[in-house]
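The lines below spell out each chain.
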Amino acid sequence: MSVNKFRDIITMKSHSFLPGIKSIYYVPCSSLPASLMLKALSDLPITLTTGLEPIPFAGEPICESEGANTNNGPAEQVTLTFQSLMVIPEDIPIAFALTDVNGQSYVIGTKEQPYPLITCRQSFGSPSGDAHSLGVEVAFTAPKALIACEIVL
């Protein structure tokens, strides 16, 4: 663990952490920089500038990340779930980018395989007042699955 990360952990009491996701985008995996995961593992800065399409969402999106040692190496699993009326493209491999309410951005997916697994559930609602919506769940497992980045639109 680097000295800076250790110092940040020690001083967490002086920071406030706000919950929530401010924006979600999808991006074709072909538009992502090459070797994105290796750059993230090396703590190199990552910037996304092209191919980002905003996804309007309803409710509270949830992004959860869990790390573990598997098969004698690190593995991180991230799951992003949200509700939207926008149909997510299924004909090309896509990654997702998000920005939290603190202004930190992340990308889920890489230019190379494996790609994120996307599950879409469409609900037409009920007569009692449930809304028509599309539930999206994005799951991705890799040595580094939730990659910090900067989004420049």
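Here the residue numbers are simple positions, counted from 1 along each chain's written sequence. The model is predicted, so local features are restricted to residues of pLDDT at least 70 and side-chain atom pairs to those at 80 or more, both for listing and for counting; the totals for chains, interfaces and linings are taken over all residues. Calculation of side-chain values draws on the structure's entire complement of heavy atoms; hydrogens and water are dropped beforehand.

## Brief notes about the pattern of salt bridges
Opposite charge on two side chains lets them pair, provided their charged atoms get close. The following threshold applies: By definition here, a salt bridge exists when the distance from a side-chain nitrogen of Lys or Arg to a carboxyl oxygen of Asp or Glu is within 4 Å. Only DSSP runs of H or I with at least four residues qualify as helices, and only runs of E with at least two residues qualify as strands; both kinds are numbered from the N terminus onward.
Using the criterion set out here, one finds one salt bridge in the structure. Between Glu 76 and Lys 144 there is a salt bridge; the shortest N-O distance is 3.9 Å. Of this pair, Glu 76 sits in strand β5 (residues 73–84) while Lys 144 sits in the loop between β9 (133–142) and β10 (146–151), and the two are 68 residues apart along the sequence.

## Some points on the sheet that holds β5
Note the following rule: A pair of strands is labelled paired if DSSP reports no fewer than 2 bridges between them. Fitting a line to C-alpha atoms yields each axis, with helices limited to the stretch in contact; the angle taken between N-to-C directions then spans 0 to 180 degrees.
Pairing is antiparallel across the open sheet formed by four strands, whose spatial order is β4-β5-β9-β8. Looking at the sheet topology across the chains shown, the edges are occupied by β4 (58–70) and β8 (117–123). Neighbour-to-neighbour, the strand axes of this sheet turn through a mean angle of 10°, independent of strand direction. Two strands pair when backbone bridges link them, and β8 and β9 are joined in this way by seven bridges, in the antiparallel orientation. Directly across from Arg 121, in β9, lies its bridge partner Gly 135.

## Focus on the side chain of Glu 76
Basically, it comes down to this: Categorising residues by exposure relies on relative accessible area from a 1.4 Å probe, with only protein chains included: less than 20% of the type maximum marks a residue as buried, more than 50% marks it as exposed, and the intermediate range marks it as partly exposed. Between N or O atoms, a polar contact is any pair within 3.5 Å; within protein, one atom must be a potential hydrogen donor and the other a potential acceptor, and residues adjacent in sequence are included only when both atoms are from side chains. The criterion used for residue contact is that any of the two residues' heavy atoms lie within 4.5 Å.
Judged by relative accessible area, Glu 76 falls into the buried class, the value being 14%. Engagement of the side chain of Glu 76 in a polar contact is seen with the backbone nitrogen of Leu 146, the distance being 2.8 Å. Apart from residues no more than four positions distant in its own chain, Glu 76 is found in contact with Ser 65, Glu 66, Gly 67, Phe 140, Thr 141, Ala 142, Pro 143, Lys 144, Ala 145 and Leu 146.

## Notes on the sheet that holds strand β6 (residues 94–100)
The mixed open sheet is built from six strands, whose spatial order is β2-β10-β7-β6-β1-β3. In this open sheet, the two edge strands, each paired with only one partner strand, are β2 (47–48) and β3 (53–54). Pairing between β6 and strand β7 (residues 105–108): four bridges, direction antiparallel. Each bridged residue has a counterpart across the sheet, and for Ala 97 the counterpart in β7 is Val 107.

## So, the nonpolar core
Convention followed: Residue types Ala, Val, Leu, Ile, Met, Phe, Trp, Tyr and Cys, when buried and joined through side-chain atoms within 4.5 Å, form a set referred to as a nonpolar core.
In terms of nonpolar packing, the biggest core is built from 20 residues, with Ile 24, Ile 55, Leu 80, Phe 82, Phe 96 and Ile 108 touching the most fellow members. If one sorts the elements of this core by residue count, β9 sits on top with five residues. Beyond its immediate sequence surroundings of up to four residues, Ile 24 is in contact with Glu 53, Pro 54, Ile 55, Phe 57, Pro 61, Leu 80, Phe 82, Phe 96, Ala 97 and Leu 98. The next biggest cluster of nonpolar side chains, apart from the first, holds 15 residues, and it includes Val 27, Leu 32, Ile 46 and Leu 52.

Bear in mind that shape data such as this cannot, by itself, settle questions of function.
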